Amino acid sequence: MKFNTKTIHGGQKPDKAYNAVMPPIYQTSTYAQSTPGGHKGYEYSRTHNPTRNALENAFASIENGTHGLAFGSGLAAIDAILKLLEHGDEVISTNDLYGGTYRLFTKIFEGFGIKFHFIGMENAHAIENHITEKTKLIWIETPTNPMMNIIDIKAASVIAKKHNIMLAVDNTFATPYLQQPLDLGADIVMHSATKYIGGHSDLVMGALIVKDKKLAEKLYFIQNASGAICGPQDSFLALRGIKTLHVRMQRHCENGKAIAHFLKTHPNVDKVYWPGFKDHPNHQTAKEQMNDFGGMVSFTTKEDSYEGAVKVVEKLKVFTLAESLGGIESLAGHPASMTHASIPKAAREKTGVKDSLIRLSVGIEDIDDLIADIKQALA
Ligand SMILES: *Cc1c(COP(=O)(O)O)cnc(C)c1O
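Residues numbered from 1 in each chain as written. Predicted model: local features only at pLDDT ≥ 70, side-chain atom pairs only at ≥ 80, totals over all residues. Heavy atoms only, no water.

J.: An account of helix α4 (residues 99-109) is needed here, citing residue identities and associated values.
T.: For α4, a buried count of eight out of eleven residues is recorded, marking the element as mostly surrounded by other parts of the structure. Listed as buried for α4 are Gly-99, Gly-100, Thr-101, Tyr-102, Leu-104, Phe-105, Thr-106 and Phe-109. Check the buried side of α4 and you find it contacts α3 (74-82), β2 (90-94), β3 (115-119) and β4 (135-141). (Buried < 20%, exposed > 50% of the residue type's maximum accessible area, 1.4 Å probe, protein only. Helix = DSSP H or I, 4+ residues; strand = E, 2+ residues; numbered from the N terminus. Contact = heavy atoms within 4.5 Å.)

Rendered as structure tokens:
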């Protein structure tokens, strides 16, 4: 089955009770048993819920995995991965990453005795310099947030396999429409389904997808033992979102490309970060591992100041000033004061997140309206 068919049918069967084409929302915590242990595969909804299971099957299908797991948020999904580790273990992570992931790693798991190395991975061989016997996990986000660097997943997976280390990829920005990390050698794919997967800015959810039964069993154990699951109503919404992922992504990519090119020639714009440009430092890798370049575009203004950037985002009318990304509506963010405020200024600027950086999540509105909006805000 091809991707555009999998988004609609992958892992889905008509519901057993009445052949409903869409999975019903099983809004229940528990299930009647005929005799102790006599049930139809469902005992308690932290462990299993039919609506969540339908979604988990869809996740597995669109990422070419064998098992999917749904969580109450993207961070809950990352938290579950980190619980595979033990005190003393080490993690090598992308340095330019989602602020909440950085906070979870440094403020929670460092306290439990896990050591993190944050490094630039645009040259994947840099990973090798930080591997010790204790390295258990390589954590990659690509494209990175918000600098739009591209990391070569295949090259990282070769290193991971050589040293018997797990490779996890945060695929939130790309989605499986653009890149499928398990096919490139990753062991775990993670999503903040809050973003493009849900696609309508109406839910918070996380997902993990794997292709190995043993790893899946460990993660299911953690999912049930720690309990950070999502509810049936949100599971239904995410499933509905997945069904249009391919058509939404196609338009996100078209609009993102048009805006990146518009910004590049604007006299008040300094740098534009978008992996589709031929002069983007990792353009070749992007072309090889992605089907297109996505709807995320970051840029800095020539008036290189915090106040200048704030003025621009405040003037936008069609773009909404908000955290988050990946919805059908266009959003603008100021990473230094919003998504990346939890990363200390010095660490933030080292990765290029300057005070004047603006991040756009380009939606699927008419491109003429989006460009006109940016034009008036930059004037
Ligand atoms: C939003 C986001 C997360 C965290 O997901 P939540 O659903 O907000 O918990 C992780 N990684 C990336 C790249 C994100 O954009």
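J.: Give a detailed account of empty space enclosed by the protein, specifying residues and quantitative values.
T.: Evaluation of the coordinates by the stated rule reveals one cavity of 30 Å³ or more. Its boundaries defined by the atoms lining it, the largest cavity holds a volume of some 30 Å³. Around the largest cavity, the lining residues are Pro-143, Met-148, Phe-173, Leu-178, Tyr-196, Met-290, Phe-293, Gly-294, Gly-295 and Met-296. Of the residues contributing to the lining of the largest cavity, the split by class is eight nonpolar, two polar and no charged. When we break the lining of the largest cavity down by domain, the ones giving at least three residues each are domain 1 (3-242) and domain 2 (245-378). (1 Å grid on protein atoms, 1.4 Å probe; cavity = no way out; pocket = protein on both sides within 12 Å on 5 of 7 lines; lining within 4 Å. Points joined across faces, edges and corners; volume = space filled by probe spheres on them. Nonpolar A, V, L, I, M, F, W, Y, C, P; charged D, E, K, R; others polar. Domains from an automatic or database assignment.)

J.: A description of the pairing of strand β5 (residues 166-170) should follow, citing residues and the corresponding values.
T.: Successive residues of a regular strand alternate their side chains across the two faces of the sheet. The element β5 is extensively covered by neighbouring structure, given that five of its five residues are classed as buried. Of the strand pairs in this sheet, β4 and β5 are connected by five bridges, and their pairing is parallel. The partner of Ile-140 across the bridge, within β5, is Val-169. The handedness of the β4 to β5 crossover, carried by helix α5 (residues 153-162), is right-handed. By the bridge criterion, three bridges tie β5 to strand β6 (residues 188-192) in an arrangement that is parallel. Counted as the bridge partner of Val-169 is Val-189 from β6. (Pairing = 2+ DSSP bridges. Right-handed = clockwise from strand over helix to strand, strands pointing away.)

J.: For the sheet that holds strand β7 (residues 206-210), give the residues involved together with the corresponding values.
T.: Read from one edge to the other, the open sheet built from seven strands follows the order β1-β7-β6-β5-β4-β2-β3, with strand pairing classed as mixed. The outermost strands of the open sheet, each flanked by one partner alone, are β1 (67-71) and β3. The mean angle between the axes of side-by-side strands here comes to 20 degrees, regardless of whether they run parallel or antiparallel. The sheet strands contacting helix α2 (residues 50-62) are β1 and β7, and the helix crosses β1 at an angle near 125 degrees. Along the sheet face, α5 touches β4 and β5 and points at about 155 degrees away from the line of β5. (Axes fitted to C-alpha atoms, helices over the stretch in contact; angles between N-to-C directions.)

J.: Please provide a residue-by-residue account of the packing of helix α9 (residues 245-264) against helix α13 (residues 367-378), values included.
T.: Orientation of α9 relative to α13, taken along the N-to-C sense of each, is 30 degrees, at an axis distance of 10 Å. Relative to α13, the element α9 lies roughly parallel. Taken as a pair, α9 and α13 cross one another with a handedness that is right-handed. Residues Asn-255, Ala-258, Ile-259, Phe-262 and Leu-263 of α9 form the contact with α13, whose own contacting residues are Ile-367, Leu-370, Ile-371, Ile-374, Lys-375 and Leu-378. (Parallel < 35°, antiparallel > 145°, perpendicular 65-115°, else oblique. Left-handed = near helix turned anticlockwise from the far one by under 90°.)

J.: Could you give an account of the site of the ligand, naming the residues involved and the relevant values?
T.: Taken together, 15 residues surround the ligand, and among them Gly-74, Asp-170, Ser-192, Thr-194 and Lys-195 come closest. Measuring from an oxygen atom of the ligand, one finds a side-chain N or O atom of Ser-192 at 2.8 Å. Calculation on the ligand without its partners gives an accessible area of 380 Å², and the protein chains cover 94% of this total. Among the residues making up the shell around the ligand, the classes are represented as six nonpolar, six polar and three charged. (Near = heavy atom within 4 Å. Polar contact = N/O pair within 3.5 Å; in protein donor to acceptor, adjacent residues only side chain to side chain. Areas by Shrake-Rupley, 256 points an atom, 1.4 Å probe, with all protein chains shown as cover.)

Nothing here speaks to function; it is all geometry.
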